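Residue-level structural notes
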Amino acid sequence: MTTSVGFDLDMTLADTRAGIAAVYDELAVRLGVPFDSAAIVRRLGPPLEMELANWLPAEEVAAAADLYREIYPAMGVPVHTAMRGAHDAIDVVRRGGGRVIVVTGKNVRDARGTVESLGLAVDEVVGSLFGAAKGSALARFGAAAYVGDHVADIEAARAGGAVSVTVATGPYTVGELRDHGADVALGDLTEFAAWFAGWREHDEPG
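In this text, all values refer to a predicted model and were calculated from it rather than measured experimentally.

Looking at the pattern of salt bridges
Once the charged atoms of two side chains with opposite charge are near each other, the side chains can pair. Applying the stated criterion across every chain, the model contains 12 salt bridges. Across the salt bridge formed by Asp188 and Arg84, the nearest N and O atoms sit 2.8 Å from each other. Placement of the pair is Asp188 in the loop between strand E8 (184-186) and helix H10 (192-203) and Arg84 in the loop between strand E3 (81-82) and helix H5 (86-95), with a sequence separation of 104 residues. A cluster of three or more residues bridged by salt bridges with shared partners is formed by Asp8, Lys134 and Asp153.

Points about the sheet that holds E8
Strand pairing in a sheet relies on backbone hydrogen bonds. The paired strands run either parallel or antiparallel. Strand order across the open sheet formed by six strands is E5-E4-E1-E6-E7-E8, with parallel pairing between neighbours. Each edge of the sheet is formed by a strand with only one pairing partner; in this case those strands are strand E5 (124-126) and E8. Each neighbouring strand pair of the sheet contributes to a mean axis angle of 20°, computed without reference to strand direction. Relative to E8, strand E7 (residues 163-167) is paired through three bridges, and the arrangement is parallel. Bridge assignment links Val165 to a residue of E8, and that residue is Val184. Helix-sheet contacts for helix H8 (residues 151-159) involve strand E6 (145-148) and E7, and the interaxial angle to E7 is about 160°.

Reading guide: rules and limits
Along each chain, the written sequence defines residue order, and numbers are assigned to residues from 1. For this predicted model, a pLDDT threshold of at least 70 governs which residues receive local features, and a threshold of 80 or more governs which side-chain atom pairs are given and counted, while totals over whole chains, interfaces and linings are taken from all residues. The side-chain figures draw on all heavy atoms in the structure; neither hydrogens nor water molecules are used. Should a side-chain nitrogen of Lys or Arg be within 4 Å of a carboxyl oxygen of Asp or Glu, the pair is scored as a salt bridge. Secondary structure elements are taken from DSSP: a helix is a run of H or I of four residues or more, a strand is a run of E of two residues or more, and numbering for both begins at the N terminus. The pairing criterion for strands is at least two bridges between them, as found by DSSP. For helices, the axis comes from a line fit to the C-alpha atoms of the stretch in contact; other axes are also lines fit to C-alpha atoms, and the angle between any two N-to-C directions lies between 0 and 180 degrees. Two residues qualify as a contact provided that any one of their heavy atoms is within 4.5 Å of a heavy atom in the partner residue.

Here is the structure:
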């Protein structure tokens, strides 16, 4: 069987809350807009422009997104940390002969910067995709499973023909992820290795 696996980035492999909050706080100062960074980081997942649209008139979103991305590499990336179990989850896929792709809504420059700063040994990074739009990247890569923390990541897995594996480290509980149709719902990535081993054993030809 194919054992290559796709992973989401924010709140799946990387805890980006402190970095994103810091960037929004700086953006608030520069634009004079009262962003609630604490509320924003509790619902990470959707694209930047979608979040900015909650706070700004439509005609101001693009410029604000450009400024956010200008600030992000120096202020956001350096304070990101790896989620518990992230390195082990990637390692178990690679030891099983699989490859790893990160498919994320974050732009590819900052996604790669985050992956590199955390020393995550992935084979490919694809950015600026959300929900079912991630499916084409997963299918092209041959990912047999896709791991994410958002209900939109369930849609991504479905669109890519992959098993939907979810972790309750983002805005949804294990129960909510199951209710939204996840094939697998884990508490966090520390549970991934055991699931992956059992999944491979179950699907290997007899």
